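What follows is each chain in one-letter form.
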Amino acid sequence: MESGRTVVEEVVDEARKLVQAQLGIESSGLVADHLSLQGLGLSSSQAVRFFGTVKARHRVELDASLLFTSETFGELCRAIRASIESCKHEEEESTSSSSTPVEIEKTLPPSDSTEERIAVVGAGVRLPGGVKNVEDFWNSLVTAKGPTGEAILSPITKERRRYLGRDGDRMPSYPCGWLSGSEGVEDFDAGFFGISDEEAIHTKPQQRLLLELTYETLQDAMIPPGQLKGARVGVFIGCSNADGYDEVMRASGVDQFNKLAGGSLNQSVLCGRLSHHFDWQGPSMTIQAACSSGLNVIELAVTSLQRRECDYALVGGVTTHLGALTLSFLASAGMSSPTGTSKPFGKDSNGYVPSEGCATLLLRRLADAESSWDRIYGCIEAASSAHQGRTATMATTNSASQRRIHSSVLAKAGL
């Protein structure tokens, strides 16, 4: 260590050199405290090597995750200082403390309440026809039109067919529910969410929609996003299909064989992207269970809140149909309606109408919501899900099983 310099100053200086090298600037160049470390491209192996060097030179052991949990260079410097000072404090306490064992007070965890009511305190909606909020959604249910008279269901546009090049002709001609490019399928403010332009290309529209809708849901609940940073917020996302974005990228000639492609390979990223961006530290999971995905995630979120596994739960469902594969399968299997009309359980039913869209809810235990004077949309009395068992085909409805689960959840709710 240079004469007159503290360990903190030495380590911070080495961290500055690491960032300078990553940015490709000279050692004399300045690294501002507000410089964002997100998207810098530092790898876990670089972090391990850096902190290994710090330990060898200064006999200070720091957590390598500091490089990834600090959003700016200034925050990294403060975290290094706090960690080193904490280590010194612990060493001083360990040398001065006696060997007498300290009695630790035992506290019992709060008891489970599987009947506790769950409040809906925020909502976000993005649906065909220009539906962008709860009020629009309600009016569309009443009028069967969008807020300015747009049709909810329509044939696919030529622009959407062009996404897939020659395979665009495989997209169905029957009416479906389509989101426009301005509703999250194309337009996306990547910088607002700390995503580089290069990474944004590999960020699926389903992830984009969920990021935007989650932010809008927090706004609807009148909660500043930073207020829940590091909080026990659970994320429960339901999806039902492969969205076909890989088909679009192939048709556009995008290189999918690189380190950024991992963000679009697995649907687990849907929940992980939200927990990571908002720094939420509760349960986080994506459920892909076809048409019941939304119901499953609501039940899981309600249960998690009742068990005190989280204090808030962000529940979402998202579907996009960018590729031809899924829709072609639905049409060939007779599962999608060629007339654009859904008539479930009716004698003249001929399939359902596929649609794109995204909806999110912010849930809280009712008692907590009331104590905080939250605006409450309504309450979930109970939630249940179950498979209907064996039928003639995997897509055939078992009405007896449907009645049983309905009766079960009504009884559970005391209704």
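Where an unreviewed UniProt entry is consulted, the protein appears under the name Ketoacyl-synt-domain-containing protein, with the organism given as Violaceomyces palustris.

**Let's talk about the pairing of strand S1 (residues 118-126)**
Taking burial as the measure, the nine residues of S1 include nine buried ones, the bulk of the element. With eight bridges connecting them, S1 and strand S5 (residues 357-365) associate as antiparallel partners. Bridge pairing in S5 places Gly122 opposite Leu362. Relative to strand S6 (residues 378-380), S1 runs antiparallel, the two being bridged by three bridges. Bridged to Ala119 within S6 is Cys379.

**Points about a nonpolar patch on the surface**
There is a patch of nonpolar side chains on the surface, built from Phe137, Trp138, Leu141 and Val142 and spanning about 460 Å² of accessible area. Its relative accessible area of 57% is what places Trp138 among the exposed residues.

**With respect to the pattern of salt bridges**
Side chains that differ in charge, positive against negative, can pair when their charged atoms come close. According to the stated counting rule, one finds 17 salt bridges in the structure shown. A salt bridge links Arg117 to Glu381; its shortest N-O distance comes to 2.8 Å. Separated by 264 residues along the polypeptide, Arg117 in the loop between helix H4 (73-96) and S1 and Glu381 in the loop between S6 and helix H14 (399-412) bring together distant segments of the chain. For Arg117, a relative accessible area of 37% gives the class partly exposed.

**A short note on the sheet that holds strand S2 (residues 233-239)**
Read across the open sheet, the six strands follow the order S3-S2-S4-S5-S1-S6; overall the sheet is mixed. The open sheet has two edge strands, strand S3 (284-288) and S6, and neither has a second partner. The average angle at which neighbouring strand axes cross in this sheet is 25 degrees, direction not considered. Strands in contact with helix H10 (residues 269-278) are S2, S3 and strand S4 (312-319); relative to S2, the strand with the most contacts, it is inclined by about 150 degrees.

**Notes on unusual backbone geometry**
Positive phi, close to 60 degrees, is recorded for Ala144, a residue that is not glycine. By secondary structure assignment, the location of Ala144 is in the loop between helix H5 (134-143) and helix H6 (158-162). Positive phi is not limited to glycine here, since Trp373 has a value of about 60 degrees.

**A few points about the packing of aromatic side chains**
Applying the stated criterion across every chain, the model contains four aromatic pairs. Judged by centre distance (5.1 Å) and plane angle (85 degrees), the rings of Phe192 and Tyr215 are edge-to-face. Of the two residues, Phe192 is situated in the loop between H6 and helix H7 (197-201) and Tyr215 in helix H8 (residues 205-220); the sequence distance between them amounts to 23 residues. We classify Phe192 as partly exposed; its relative accessible area is 45%. Here Tyr215 falls in the partly exposed class, since its relative accessible area comes to 24%. A centroid spacing of 4.8 Å and a plane angle of 20 degrees characterise the contact between Phe278 and Trp280, whose relative ring orientation is stacked.

Reading the values: the criteria
Residues numbered from 1 in each chain as written. Predicted model: local features only at pLDDT ≥ 70, side-chain atom pairs only at ≥ 80, totals over all residues. Heavy atoms only, no water. Buried < 20%, exposed > 50% of the residue type's maximum accessible area, 1.4 Å probe, protein only. Helix = DSSP H or I, 4+ residues; strand = E, 2+ residues; numbered from the N terminus. Pairing = 2+ DSSP bridges. Patch = residues over 30% accessible without salt bridge, like charges linked within 9 Å, V, L, I, M, F, W, Y side chains within 5 Å. Areas by Shrake-Rupley, 256 points an atom, 1.4 Å probe, with all protein chains shown as cover. Salt bridge = Lys/Arg side-chain N within 4 Å of Asp/Glu carboxyl O. Axes fitted to C-alpha atoms, helices over the stretch in contact; angles between N-to-C directions. Contact = heavy atoms within 4.5 Å. Phe/Tyr/Trp six-rings, centres within 6.5 Å; stacked < 30°, edge-to-face > 60°.

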